[in-house]
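Here are the chains, one letter per residue:
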Amino acid sequence: MERRLDDLRPGDAAVVKAVNTNTHLRRRLQDFGFVPGTLVTCRYLGPGRKVAALEFRGTVLAMRMADLRDIRVVC
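These numbers come from a predicted model, not from an experiment.

Conventions and cut-offs
Residues numbered from 1 in each chain as written. Predicted model: local features only at pLDDT ≥ 70, side-chain atom pairs only at ≥ 80, totals over all residues. Heavy atoms only, no water. Phe/Tyr/Trp six-rings, centres within 6.5 Å; stacked < 30°, edge-to-face > 60°. Helix = DSSP H or I, 4+ residues; strand = E, 2+ residues; numbered from the N terminus. Buried < 20%, exposed > 50% of the residue type's maximum accessible area, 1.4 Å probe, protein only. Pairing = 2+ DSSP bridges.

A full pass over the atoms with the stated rule returns one aromatic pair. Ring centres of Phe34 and Phe56 lie 4.9 Å apart, and the angle between their planes is 75°; on these two criteria the pair is classed as edge-to-face. Taken as a pair, Phe34 in the loop between helix H1 (23-32) and strand E3 (39-45) and Phe56 in strand E4 (residues 51-56) lie far apart in primary sequence, 22 residues in all. Of the two residues, Phe34 and Phe56, both sit in the buried class.

Structure below.
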């Protein structure tokens, strides 16, 4: 089932399908290894659901929820 990455709750895992963010952010995520086919797990949602901590490839990265809306995942 395809969803947006900002739909994940803590403990949910999914596989990245498409990263449709702006060029700068997409390039930065690629540097971290966040590319289609990567398994990503939501570890934490910040107060007001404005920030999420995501784990992938042994890395935990905090991202704004606004940026996660442009990333499609498959559960």
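There's plenty left to go through after this.
Let's shift gears to the pairing of strand E5 (residues 59-64). Across six bridges, the pairing between E4 and E5 is antiparallel. Looking across to E5, one finds that Leu54 is bridged to Leu61. Hairpin connection from E4 to E5: two residues lie between these consecutive antiparallel strands, with Arg57 at a positive phi of about 50°.

Quick look at the environment of Arg27 now. Summarising the element assignment, Arg27 is placed in helix H1. Residue Arg27 is classed as exposed on the basis of its relative accessible area of 52%. In this structure the C-alpha to C-alpha distance between Arg27 and Met63, which are 36 residues apart in sequence, comes to 14 Å.

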